[in-house]
Amino acid sequence: MRAPDQYLKDLLFDYDCVTIPGFGGFIMQSRPAAADQARHRIYPPSRVPSFNRMLNHDDGILISRVSKANNLAYSEAAHIVHEYAPTLNLKITNGEI
């Protein structure tokens with residue numbers, strides 16, 4: 001089984017915001033196309049992720065994906081995701097990326 005955060009990449013293509021309950025939320029910000037005339041470059045529209053630690057409520061998106069991908073009951077998937085937040089916090093405390 002993949003770690004809950006491994007589903008984020010896929011989910012952020014479909015949603016503008018996905019939270020890891022107890023950890024924080026990832027928000028996709030749209031950027032319009034741009035032209036750099038000095039460098040003769042054109043940049044296409046894009047989406048850039050940002051992180052907000054205050055968005056730590058359960059929006060259900062990540063848990064639903066874990067549940068469906070692993071054929072688990074929603075409550076089992078919720079337990080896995082909620083147990084994962086302290087693991088992420090510990091990794092950050094230890095200086096891991």
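As the structure is a prediction and not an experimental result, all values here were calculated from the model.

Definitions and cut-offs
Residues numbered from 1 in each chain as written. Predicted model: local features only at pLDDT ≥ 70, side-chain atom pairs only at ≥ 80, totals over all residues. Heavy atoms only, no water. Pairing = 2+ DSSP bridges. Helix = DSSP H or I, 4+ residues; strand = E, 2+ residues; numbered from the N terminus. Axes fitted to C-alpha atoms, helices over the stretch in contact; angles between N-to-C directions. 1 Å grid on protein atoms, 1.4 Å probe; cavity = no way out; pocket = protein on both sides within 12 Å on 5 of 7 lines; lining within 4 Å. Points joined across faces, edges and corners; volume = space filled by probe spheres on them. Nonpolar A, V, L, I, M, F, W, Y, C, P; charged D, E, K, R; others polar.

## Thoughts on the sheet that holds strand β5 (residues 46–52)
The strand order across the open sheet built from three strands is β1-β2-β5, with neighbouring strands paired in antiparallel fashion. The open sheet has two edge strands, β1 (17–20) and β5, and neither has a second partner. On average, each strand axis in the sheet is inclined to that of its neighbour by 20°, with strand direction left out of account. Examined bridge by bridge, β1 and strand β2 (residues 24–31) share four bridges and lie antiparallel to one another. When the bridges of β2 are listed, C17 appears paired with I27.

## A few points about the layout of surface pockets
Empty space among the atoms becomes apparent when a probe as large as a water molecule is rolled across them. Reported here for the largest pocket is a volume of approximately 190 Å³. Every residue along the wall of the largest pocket is listed here: D5, L8, I20, F23, F26, Y84, L88, K91, I92, E96 and I97. In terms of residue count, the dominant contributor to the lining of the largest pocket is helix α3 (residues 74–93) (four residues). Residue classes in the lining of the largest pocket are distributed as eight nonpolar, no polar and three charged.

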